[in-house]
Amino acid sequence: MPQTPTPTAVADAHTRIIGWFDAHARDLPWRRDECTPWGVMVSEFMLQQTPVARVLPVWTEWMRRWPTPADLAAEPSPEILRAWGRLGYPRRALRLHAAAQTIMDEHDGEVPNTAAELKALPGVGEYTSAAIACFAFDQPEVVVDTNIRRVHARAFSGRALPEKSLTRAEMSLATELMPADPEQACRWNAATMELGALVCTARSPQCRVCPVSASCAWLVAGSPEAHYQPKGQSWAGTDRQLRGAIMALLRSHDGGTALTAIRQRVEESLSPDDAQFDRCVSSLVADGLAERTGDELSLPRS
DNA sequence: AAAACGGGGCA
DNA sequence: TGCCCAGTTTT
(Lines give C-alpha, C1' and ligand atoms only; values in the text may rest on other atoms or scores of the structure.)
Protein backbone atom coordinates (compact mmCIF):
# COMPACT_ATOMS: atom_id res chain seq x y z
CA MET A 1 0.00 0.00 0.00
CA PRO A 2 1.27 3.44 -0.85
CA GLN A 3 2.10 5.73 2.01
CA THR A 4 0.00 8.82 2.29
CA PRO A 5 2.17 11.64 0.96
CA THR A 6 3.22 14.32 3.42
CA PRO A 7 1.00 17.38 3.79
CA THR A 8 3.75 19.44 2.21
CA ALA A 9 3.92 17.18 -0.83
CA VAL A 10 0.14 17.22 -1.19
CA ALA A 11 0.00 21.00 -1.00
CA ASP A 12 2.76 21.22 -3.57
CA ALA A 13 0.85 18.93 -5.91
CA HIS A 14 -2.26 21.06 -5.49
CA THR A 15 -0.39 24.19 -6.43
CA ARG A 16 1.37 22.64 -9.39
CA ILE A 17 -1.52 20.72 -10.94
CA ILE A 18 -4.10 23.44 -10.43
CA GLY A 19 -1.59 25.98 -11.75
CA TRP A 20 -1.04 23.83 -14.82
CA PHE A 21 -4.81 23.57 -15.27
CA ASP A 22 -5.20 27.36 -15.13
CA ALA A 23 -2.79 27.64 -18.03
CA HIS A 24 -3.68 24.62 -20.15
CA ALA A 25 -7.28 23.56 -19.54
CA ARG A 26 -9.30 22.97 -22.67
CA ASP A 27 -12.18 25.37 -23.23
CA LEU A 28 -14.91 22.76 -23.22
CA PRO A 29 -18.51 24.00 -23.48
CA TRP A 30 -19.69 22.08 -20.41
CA ARG A 31 -17.01 23.81 -18.36
CA ARG A 32 -18.14 27.31 -19.17
CA ASP A 33 -19.92 29.39 -16.54
CA GLU A 34 -23.07 29.64 -18.62
CA CYS A 35 -23.43 25.87 -18.89
CA THR A 36 -26.38 24.59 -16.88
CA PRO A 37 -26.32 21.58 -14.51
CA TRP A 38 -28.32 19.76 -17.18
CA GLY A 39 -25.58 20.50 -19.69
CA VAL A 40 -23.02 19.06 -17.30
CA MET A 41 -25.19 16.00 -16.75
CA VAL A 42 -25.60 15.37 -20.49
CA SER A 43 -21.85 15.70 -20.97
CA GLU A 44 -21.12 13.21 -18.20
CA PHE A 45 -23.43 10.61 -19.71
CA MET A 46 -21.83 11.03 -23.12
CA LEU A 47 -18.32 10.96 -21.70
CA GLN A 48 -18.78 7.56 -20.09
CA GLN A 49 -16.24 5.50 -22.02
CA THR A 50 -16.21 7.97 -24.89
CA PRO A 51 -13.44 10.50 -25.68
CA VAL A 52 -14.10 14.25 -25.55
CA ALA A 53 -13.47 14.78 -29.26
CA ARG A 54 -16.31 12.49 -30.25
CA VAL A 55 -18.71 13.88 -27.66
CA LEU A 56 -18.38 17.56 -28.58
CA PRO A 57 -20.56 17.72 -31.72
CA VAL A 58 -23.22 15.40 -30.31
CA TRP A 59 -23.43 17.31 -27.03
CA THR A 60 -23.87 20.59 -28.91
CA GLU A 61 -26.72 19.16 -30.96
CA TRP A 62 -28.41 17.64 -27.91
CA MET A 63 -28.28 20.89 -26.00
CA ARG A 64 -29.77 22.72 -28.98
CA ARG A 65 -32.64 20.25 -29.27
CA TRP A 66 -33.23 19.42 -25.62
CA PRO A 67 -31.90 22.34 -23.53
CA THR A 68 -33.68 21.25 -20.33
CA PRO A 69 -34.65 17.95 -18.67
CA ALA A 70 -38.26 18.79 -19.51
CA ASP A 71 -37.46 18.97 -23.20
CA LEU A 72 -35.81 15.57 -23.25
CA ALA A 73 -38.38 13.96 -20.97
CA ALA A 74 -41.14 15.08 -23.34
CA GLU A 75 -39.43 13.73 -26.45
CA PRO A 76 -41.44 10.68 -27.51
CA SER A 77 -39.73 9.85 -30.76
CA PRO A 78 -36.79 7.67 -31.72
CA GLU A 79 -34.92 10.91 -32.37
CA ILE A 80 -33.11 10.37 -29.08
CA LEU A 81 -31.41 7.23 -30.32
CA ARG A 82 -30.87 8.73 -33.76
CA ALA A 83 -29.28 11.85 -32.26
CA TRP A 84 -27.01 9.66 -30.14
CA GLY A 85 -25.48 8.68 -33.45
CA ARG A 86 -22.34 6.61 -33.30
CA LEU A 87 -21.27 7.55 -29.77
CA GLY A 88 -21.64 3.92 -28.72
CA TYR A 89 -23.38 2.28 -25.77
CA PRO A 90 -26.80 3.59 -26.89
CA ARG A 91 -28.38 2.37 -23.67
CA ARG A 92 -26.87 5.53 -22.21
CA ALA A 93 -29.29 7.56 -24.33
CA LEU A 94 -32.24 5.58 -22.94
CA ARG A 95 -30.95 5.99 -19.41
CA LEU A 96 -30.46 9.72 -19.87
CA HIS A 97 -34.01 9.99 -21.15
CA ALA A 98 -35.27 7.98 -18.16
CA ALA A 99 -33.20 10.16 -15.83
CA ALA A 100 -34.81 13.28 -17.33
CA GLN A 101 -38.23 11.79 -16.65
CA THR A 102 -37.28 10.99 -13.07
CA ILE A 103 -36.07 14.57 -12.66
CA MET A 104 -39.48 15.76 -13.84
CA ASP A 105 -41.37 13.36 -11.58
CA GLU A 106 -39.32 13.61 -8.43
CA HIS A 107 -37.24 16.77 -8.59
CA ASP A 108 -39.54 19.41 -10.03
CA GLY A 109 -37.64 19.47 -13.30
CA GLU A 110 -34.36 20.55 -11.67
CA VAL A 111 -31.22 18.43 -11.72
CA PRO A 112 -30.74 17.41 -8.07
CA ASN A 113 -27.72 18.94 -6.38
CA THR A 114 -26.55 16.18 -4.06
CA ALA A 115 -24.49 13.15 -4.98
CA ALA A 116 -26.92 10.83 -3.18
CA GLU A 117 -29.93 12.05 -5.15
CA LEU A 118 -27.98 12.01 -8.38
CA LYS A 119 -26.80 8.46 -7.85
CA ALA A 120 -30.42 7.34 -7.60
CA LEU A 121 -31.03 8.42 -11.22
CA PRO A 122 -30.86 5.83 -14.02
CA GLY A 123 -27.39 5.58 -15.53
CA VAL A 124 -25.75 7.58 -12.75
CA GLY A 125 -23.18 5.63 -10.76
CA GLU A 126 -20.40 6.44 -8.34
CA TYR A 127 -18.33 8.52 -10.73
CA THR A 128 -21.10 10.40 -12.51
CA SER A 129 -22.92 11.39 -9.31
CA ALA A 130 -19.74 12.84 -7.83
CA ALA A 131 -18.80 14.55 -11.09
CA ILE A 132 -22.15 16.31 -11.52
CA ALA A 133 -22.25 17.36 -7.85
CA CYS A 134 -18.72 18.74 -8.18
CA PHE A 135 -18.71 20.30 -11.64
CA ALA A 136 -22.29 21.59 -11.71
CA PHE A 137 -22.85 22.43 -8.03
CA ASP A 138 -19.35 23.08 -6.69
CA GLN A 139 -19.59 20.37 -4.08
CA PRO A 140 -16.30 18.84 -2.91
CA GLU A 141 -17.14 15.24 -3.79
CA VAL A 142 -14.31 12.77 -4.37
CA VAL A 143 -14.29 12.29 -8.13
CA VAL A 144 -12.39 9.25 -9.38
CA ASP A 145 -12.34 8.45 -13.07
CA THR A 146 -9.85 6.55 -15.21
CA ASN A 147 -7.67 9.63 -15.71
CA ILE A 148 -7.51 10.51 -12.02
CA ARG A 149 -6.78 6.90 -11.09
CA ARG A 150 -3.84 6.83 -13.47
CA VAL A 151 -2.40 10.14 -12.25
CA HIS A 152 -2.67 8.97 -8.65
CA ALA A 153 -1.14 5.58 -9.49
CA ARG A 154 1.88 7.22 -11.05
CA ALA A 155 2.43 10.41 -9.09
CA PHE A 156 1.73 8.99 -5.63
CA SER A 157 1.82 5.19 -5.80
CA GLY A 158 4.72 4.74 -8.23
CA ARG A 159 2.88 2.37 -10.56
CA ALA A 160 2.50 2.53 -14.33
CA LEU A 161 -1.22 1.84 -14.20
CA PRO A 162 -3.98 1.74 -11.57
CA GLU A 163 -5.47 -1.53 -10.34
CA LYS A 164 -7.87 -3.31 -12.66
CA SER A 165 -10.84 -2.22 -10.60
CA LEU A 166 -11.26 0.67 -8.21
CA THR A 167 -9.95 -0.35 -4.78
CA ARG A 168 -10.60 0.94 -1.29
CA ALA A 169 -7.00 2.06 -1.13
CA GLU A 170 -7.43 4.19 -4.23
CA MET A 171 -10.54 5.82 -2.80
CA SER A 172 -8.74 6.50 0.50
CA LEU A 173 -5.84 8.08 -1.31
CA ALA A 174 -8.15 10.21 -3.46
CA THR A 175 -9.95 11.34 -0.33
CA GLU A 176 -6.69 12.21 1.43
CA LEU A 177 -5.56 14.23 -1.55
CA MET A 178 -8.63 16.49 -1.67
CA PRO A 179 -7.93 20.14 -0.85
CA ALA A 180 -9.73 21.30 2.28
CA ASP A 181 -11.23 24.33 0.57
CA PRO A 182 -14.35 23.23 -1.35
CA GLU A 183 -13.71 25.50 -4.31
CA GLN A 184 -10.14 24.25 -4.61
CA ALA A 185 -11.35 20.69 -4.20
CA CYS A 186 -13.55 20.96 -7.28
CA ARG A 187 -10.77 22.61 -9.22
CA TRP A 188 -8.39 19.85 -8.12
CA ASN A 189 -10.74 17.18 -9.44
CA ALA A 190 -11.05 18.86 -12.82
CA ALA A 191 -7.34 19.62 -12.98
CA THR A 192 -6.21 16.10 -12.14
CA MET A 193 -8.62 14.66 -14.68
CA GLU A 194 -7.36 17.05 -17.33
CA LEU A 195 -3.75 16.21 -16.53
CA GLY A 196 -4.53 12.54 -17.05
CA ALA A 197 -6.30 13.25 -20.31
CA LEU A 198 -3.66 15.53 -21.83
CA VAL A 199 -0.29 14.75 -20.21
CA CYS A 200 -0.32 11.69 -17.99
CA THR A 201 -1.89 9.57 -20.72
CA ALA A 202 -2.14 5.80 -20.71
CA ARG A 203 0.05 5.15 -23.74
CA SER A 204 2.73 7.83 -24.08
CA PRO A 205 2.80 10.15 -21.08
CA GLN A 206 4.35 13.54 -21.75
CA CYS A 207 6.47 13.65 -18.61
CA ARG A 208 8.61 16.47 -20.04
CA VAL A 209 5.74 18.91 -19.66
CA CYS A 210 4.21 17.45 -16.51
CA PRO A 211 3.94 19.90 -13.59
CA VAL A 212 4.70 17.16 -11.03
CA SER A 213 7.41 15.24 -12.86
CA ALA A 214 9.96 16.23 -10.23
CA SER A 215 8.07 14.44 -7.49
CA CYS A 216 6.30 11.73 -9.53
CA ALA A 217 6.76 8.44 -7.68
CA TRP A 218 6.63 6.43 -10.89
CA LEU A 219 9.20 8.59 -12.68
CA VAL A 220 11.46 8.64 -9.62
CA ALA A 221 11.28 4.84 -9.51
CA GLY A 222 12.52 4.69 -13.09
CA SER A 223 9.13 4.29 -14.83
CA PRO A 224 8.65 0.59 -14.07
CA GLU A 225 6.39 -1.41 -16.37
CA ALA A 226 2.82 -2.26 -15.49
CA HIS A 227 2.51 -5.21 -13.12
CA TYR A 228 -0.21 -6.76 -15.26
CA GLN A 229 -1.16 -6.97 -18.90
CA PRO A 230 -4.34 -5.13 -19.83
CA LYS A 231 -6.88 -7.48 -21.37
CA GLY A 232 -8.57 -5.77 -24.28
CA GLN A 233 -12.07 -6.56 -25.36
CA SER A 234 -12.56 -8.47 -28.59
CA TRP A 235 -14.65 -6.91 -31.30
CA ALA A 236 -14.71 -8.68 -34.65
CA GLY A 237 -17.55 -11.17 -34.84
CA THR A 238 -19.00 -10.28 -31.45
CA ASP A 239 -22.62 -9.64 -30.58
CA ARG A 240 -21.62 -6.07 -29.83
CA GLN A 241 -20.45 -5.56 -33.38
CA LEU A 242 -23.60 -7.08 -34.85
CA ARG A 243 -25.88 -5.18 -32.48
CA GLY A 244 -24.09 -1.99 -33.47
CA ALA A 245 -24.54 -2.73 -37.15
CA ILE A 246 -28.26 -3.39 -36.69
CA MET A 247 -28.68 -0.18 -34.70
CA ALA A 248 -26.88 1.79 -37.39
CA LEU A 249 -29.33 0.44 -39.95
CA LEU A 250 -32.33 1.31 -37.81
CA ARG A 251 -31.04 4.84 -37.30
CA SER A 252 -30.71 5.33 -41.04
CA HIS A 253 -34.38 4.55 -41.76
CA ASP A 254 -37.61 6.23 -40.83
CA GLY A 255 -40.12 3.62 -39.73
CA GLY A 256 -39.52 -0.11 -39.71
CA THR A 257 -37.27 -2.38 -41.72
CA ALA A 258 -37.98 -6.00 -42.57
CA LEU A 259 -35.80 -8.42 -40.64
CA THR A 260 -34.87 -10.16 -43.89
CA ALA A 261 -33.65 -6.85 -45.30
CA ILE A 262 -31.66 -6.15 -42.16
CA ARG A 263 -30.10 -9.59 -42.34
CA GLN A 264 -29.18 -9.02 -45.96
CA ARG A 265 -27.65 -5.62 -45.28
CA VAL A 266 -25.50 -6.71 -42.34
CA GLU A 267 -24.22 -9.63 -44.38
CA GLU A 268 -22.55 -7.13 -46.69
CA SER A 269 -19.97 -6.64 -43.95
CA LEU A 270 -20.55 -9.31 -41.30
CA SER A 271 -21.27 -13.03 -41.33
CA PRO A 272 -23.60 -13.84 -38.46
CA ASP A 273 -25.24 -17.25 -38.25
CA ASP A 274 -28.96 -17.54 -37.62
CA ALA A 275 -28.52 -18.05 -33.92
CA GLN A 276 -26.41 -14.94 -33.47
CA PHE A 277 -28.70 -12.79 -35.58
CA ASP A 278 -31.78 -13.90 -33.67
CA ARG A 279 -30.00 -13.48 -30.37
CA CYS A 280 -28.97 -9.93 -31.17
CA VAL A 281 -32.42 -8.89 -32.41
CA SER A 282 -33.97 -10.31 -29.27
CA SER A 283 -31.50 -8.65 -26.96
CA LEU A 284 -31.92 -5.26 -28.65
CA VAL A 285 -35.68 -5.53 -28.17
CA ALA A 286 -35.22 -6.66 -24.58
CA ASP A 287 -32.93 -3.70 -23.94
CA GLY A 288 -35.51 -1.28 -25.31
CA LEU A 289 -33.21 -0.27 -28.16
CA ALA A 290 -35.45 -1.71 -30.88
CA GLU A 291 -39.10 -2.51 -31.37
CA ARG A 292 -40.43 -5.51 -33.24
CA THR A 293 -43.76 -5.39 -35.02
CA GLY A 294 -44.46 -8.50 -37.05
CA ASP A 295 -41.47 -9.12 -39.29
CA GLU A 296 -40.18 -5.56 -39.03
CA LEU A 297 -37.74 -3.92 -36.66
CA SER A 298 -37.61 -0.21 -35.85
CA LEU A 299 -36.26 2.27 -33.37
CA PRO A 300 -38.61 2.37 -30.36
CA ARG A 301 -40.80 5.28 -29.37
CA SER A 302 -40.15 6.44 -25.86
C1' DA B 1 -15.57 -10.33 -8.97
C1' DA B 2 -16.53 -10.67 -13.79
C1' DA B 3 -19.03 -10.01 -17.96
C1' DA B 4 -21.71 -7.27 -21.12
C1' DC B 5 -22.09 -3.25 -23.46
C1' DG B 6 -20.03 0.57 -29.17
C1' DG B 7 -17.20 2.55 -31.85
C1' DG B 8 -13.38 5.16 -33.63
C1' DG B 9 -8.63 6.51 -33.69
C1' DC B 10 -3.92 6.02 -32.90
C1' DA B 11 0.68 3.31 -32.12
C1' DT C 1 -4.12 -5.46 -34.49
C1' DG C 2 -4.30 -4.06 -29.74
C1' DC C 3 -5.38 -0.72 -26.55
C1' DC C 4 -7.89 3.10 -24.70
C1' DC C 5 -11.65 6.26 -23.68
C1' DA C 6 -14.96 11.71 -17.81
C1' DG C 7 -18.53 3.92 -16.44
C1' DT C 8 -22.92 1.53 -15.25
C1' DT C 9 -25.58 -2.42 -14.74
C1' DT C 10 -26.28 -7.16 -14.44
C1' DT C 11 -24.87 -11.81 -13.33
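How each quantity is defined
Residues numbered from 1 in each chain as written. Chains lettered and ligands numbered in written order. Predicted model: local features only at pLDDT ≥ 70, side-chain atom pairs only at ≥ 80, totals over all residues. Heavy atoms only, no water. Axes fitted to C-alpha atoms, helices over the stretch in contact; angles between N-to-C directions. Helix = DSSP H or I, 4+ residues; strand = E, 2+ residues; numbered from the N terminus. Left-handed = near helix turned anticlockwise from the far one by under 90°. Contact = heavy atoms within 4.5 Å. Pairing = 2+ DSSP bridges. Domains from an automatic or database assignment. Buried area = accessible area lost by both parts, 1.4 Å probe. Salt bridge = Lys/Arg side-chain N within 4 Å of Asp/Glu carboxyl O. Polar contact = N/O pair within 3.5 Å; in protein donor to acceptor, adjacent residues only side chain to side chain. Nonpolar A, V, L, I, M, F, W, Y, C, P; charged D, E, K, R; others polar.

Caption draft 1: Main features of the packing of helix H2 (residues 37-46) against helix H8 (residues 126-137). Contact geometry of H2 with H8 gives a least axis separation of 9 Å together with a crossing angle of 145°. The interaxial crossing formed by H2 with H8 has right-handed handedness. Taking contact as the criterion, the partners of Pro37, Val40, Met41 and Glu44 in H2 are, on H8, Tyr127, Thr128, Ala131, Ile132, Phe135, Ala136 and Phe137.

Caption draft 2: View of the sheet that holds strand S1 (residues 257-258). Pairing is antiparallel in the open sheet, where three strands are placed in the order S1-S3-S2. At either margin of the open sheet sits one strand with a lone partner, and together these are S1 and strand S2 (291-293). Bridging between S2 and strand S3 (residues 296-298) involves three bridges; their strand directions are antiparallel. Looking across to S3, one finds that glutamate 291 is bridged to serine 298.

Caption draft 3: Fine view of the domain arrangement of chain A. What the domain assignment reports for chain A is domain 1 (1-232) and domain 2 (239-298). Centre-to-centre separation of domain 1 and domain 2, based on C-alpha positions: 33 Å. On the domain 2 side, the residues contacting the eight residues of domain 1 number 10 residues. Interface of domain 1 and domain 2: buried area, both sides summed, is about 750 Å²; carbon and sulfur atoms make up 51% of it. Taken as a group, Leu81, Arg82 and Arg91 account for 54% of the area that domain 1 buries against domain 2, more than any other trio of residues on that side. Along the contact surface separating domain 1 from domain 2 lie two salt bridges. With its nearest N and O atoms 3.7 Å apart, the salt bridge here joins aspartate 287 to arginine 91. Across the domain 1-domain 2 interface, the total number found is four residue pairs in polar contact (both at pLDDT 80 or more). Looking at the side of domain 1 that touches domain 2, the elements that each hand over two or more residues are helix H5 (79-84) and helix H6 (91-106). Taken together, the residues of the side of domain 1 that touches domain 2 sort by class into four nonpolar, one polar and three charged.

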